[in-house]
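So the chains spell out like this:
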Amino acid sequence: GEDVEQSLFLSVREGDSSVINCTYTDSSSTYLYWYKQEPGAGLQLLTYIFSNMDMKQDQRLTVLLNKKDKHLSLRIADTQTGDSAIYFCAESYGGYNKLIFGAGTRLAVHP
Amino acid sequence: DAEITQSPRHKITETGRQVTLACHQTWNHNNMFWYRQDLGHGLRLIHYSYGVHDTNKGEVSDGYSVSRSNTEDLPLTLESAASSQTSVYFCASSKNTGELFFGEGSRLTVL
């Protein structure tokens, strides 16, 4: 079945770049997503990439997609303490509307 | 402003009791979803609905039911609560894209 995998924890120093990685299984996914969850809150869409793209940049965020290896990454440049959160990778399956999420990567930013 | 609200935010119940978690959205979205979040598992889809009177089972639907009598509401019912259903439950809605709008979550403890 469909599966999305990501490492559970990442620690970076403030000002450094963070790279969060994800692998997925459904090669027919049209879109792939990154969601952010801050403490005590629901998830919010951070960014997404269409499956026919290799890269998408949005301010400090860069998403890279390797369709051959089914690998997705999220790079956060100049990481700030406000970026501390859990980041979820998700793929769409069965159409755009249904998402399957990874377990989430907890990003800790320290001075 | 449009929003999605869940109630109650916190609930403690006993094994065997029926519990209903409410979800109400004012986005006028067709699609609504219930997920549960558990450490190490990320978000897992319980049930979802693509419109009034439409309901579908997700990957972890056993022991849960939903009904969709109007556009705004998708209550989640645990027929006979079990300790394995202790979790944080998130409701979400979407138009017809992968951008889901999440509620703030309902933390359920089953003793």
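This text goes with the structure placed above it.
J.: Residues and numbers for the nonpolar core, please.
T.: Counting residues in each nonpolar core, the largest one holds 39 residues, and the members touching the most others are A:W34, A:Y35, A:L72, A:F101, B:Y35 and B:F102. Sort the elements by how many residues they give to this core and strand β9 (residues 85–93) of chain A lands first, with seven residues. Discounting residues that sit within four places of it in the chain, B:Y35 has contacts with A:L99, A:F101, B:L43, B:R44, B:L45, B:I46, B:V88, B:Y89, B:F90, B:L100 and B:F102. By size, the runner-up hydrophobic cluster in this structure holds 17 residues, among which are B:L21, B:W34, B:V66 and B:A81.

J.: An account of the pairing of strand β6 (residues 54–57) of chain B is needed here, citing residue identities and associated values.
T.: Residue and element names in this part refer to chain B. Where strand β5 (residues 42–51) meets β6, three bridges bridge the pair, whose relative direction is antiparallel. Note that in β6 the partner of Y48 across the bridge is N56. Hairpin connection, β5 to β6: the antiparallel pair is bridged by two residues, and H53 has positive phi, about 70°.

J.: Could you give an account of the pattern of salt bridges, naming the residues involved and the relevant values?
T.: Residue and element names in this part refer to chain B. Considering all chains together, one arrives at seven salt bridges over all chains under this definition. Two residues, R17 and E14, come together in a salt bridge whose shortest N-O distance is 3.5 Å. Note on E14: relative accessible area 45%, which makes it partly exposed. For D38, the salt bridge identified is with R36, shortest N-O distance 2.8 Å. Overall, D38 belongs to the buried group, its relative accessible area being 14%. Take R36: its relative accessible area is 8%, and that puts it in the buried class. Salt bridges sharing common partners tie together R36, D38 and R44.

J.: Describe the interface of chain A and chain B, naming the residues involved and giving the relevant values.
T.: Contacts between the two partners involve 18 residues from chain A and, on the opposite side, 23 residues from chain B. Carbon and sulfur atoms supply 55% of the area that chain A and chain B bury against each other, a total of about 1500 Å² over both sides. Its largest share of buried area at the contact with chain B, chain A owes to A:N97, A:K98 and A:F101, together 34% of the area lost on that side. If you look at where chain A meets chain B, you find zero salt bridges. Where chain A packs against chain B, one counts six residue pairs in polar contact (both at pLDDT 80 or more). For the side of chain A that touches chain B, the elements supplying multiple residues, two or more each, are β4 (31–37), β5 (43–50), β9 and β10 (98–101) of chain A. For the side of chain A that touches chain B, the class distribution of residues is 11 nonpolar, six polar and one charged.

J.: Help me get a handle on the sheet that holds strand β8 (residues 71–76) of chain A, residues and values and all.
T.: Residues and elements named next belong to chain A. One open sheet holds the five strands; their spatial order is β1-β3-β8-β7-β6, and the pairing between them is antiparallel. A strand with exactly one partner marks an edge of an open sheet, and here the two such strands are β1 (4–6) and β6 (55–58). Geometrically, the sheet is characterised by an average inter-axis angle of 15° between neighbouring strands, direction not taken into account. Direction of pairing for strand β7 (residues 61–66) relative to β8: antiparallel, over a ladder of six bridges. Each residue of the ladder has a partner; that of V63, found in β8, is L74.

J.: Now, about the environment of A:R60: what can you tell me, with residues and values included?
T.: Residue and element names in this part refer to chain A. Here R60 is to be found in the loop between β6 and β7. On the basis of relative accessibility, which here comes to 33%, the residue R60 falls in the partly exposed class. Note: C-alpha distance between R60 and Q80 (20 residues apart in sequence) is 11 Å. If near-sequence neighbours (up to four positions away) are discounted, R60 is found in contact with R75, I76, A77, D78, T79, Q80 and D83.

J.: Please set out the packing of aromatic side chains residue by residue, giving values where relevant.
T.: If you walk through the whole model with that rule in mind, you get 17 aromatic pairs over all chains. Here A:Y33 and A:Y35 contribute two aromatic rings whose centre-to-centre distance is 6.4 Å and whose plane-to-plane angle is 45°, an arrangement assigned as tilted. Classification of A:Y33 by relative accessible area gives buried; the value is 3%. On the accessibility criterion, A:Y35 (0% relative accessible area) is buried. Ring plane angle 80° and centroid distance 5.9 Å describe the contact between A:Y35 and B:F102, whose orientation is recorded as edge-to-face. Of this pair, A:Y35 sits in strand β4 while B:F102 sits in strand β10 (residues 101–102), placing the two residues on different chains. Residue B:F102 is classed as buried on the basis of its relative accessible area, which comes to 11%. The lysine or arginine in question, A:K56, covers the ring of A:Y48, its NZ or CZ lying 3.8 Å from the ring centre.

Calculation rules
Residues numbered from 1 in each chain as written. Chains lettered and ligands numbered in written order. Predicted model: local features only at pLDDT ≥ 70, side-chain atom pairs only at ≥ 80, totals over all residues. Heavy atoms only, no water. Core = buried A, V, L, I, M, F, W, Y, C linked by side-chain atoms within 4.5 Å. Buried < 20%, exposed > 50% of the residue type's maximum accessible area, 1.4 Å probe, protein only. Helix = DSSP H or I, 4+ residues; strand = E, 2+ residues; numbered from the N terminus. Contact = heavy atoms within 4.5 Å. Pairing = 2+ DSSP bridges. Salt bridge = Lys/Arg side-chain N within 4 Å of Asp/Glu carboxyl O. Buried area = accessible area lost by both parts, 1.4 Å probe. Polar contact = N/O pair within 3.5 Å; in protein donor to acceptor, adjacent residues only side chain to side chain. Nonpolar A, V, L, I, M, F, W, Y, C, P; charged D, E, K, R; others polar. Axes fitted to C-alpha atoms, helices over the stretch in contact; angles between N-to-C directions. Phe/Tyr/Trp six-rings, centres within 6.5 Å; stacked < 30°, edge-to-face > 60°. Lys NZ or Arg CZ within 6 Å of the ring centre and 35° of its normal.

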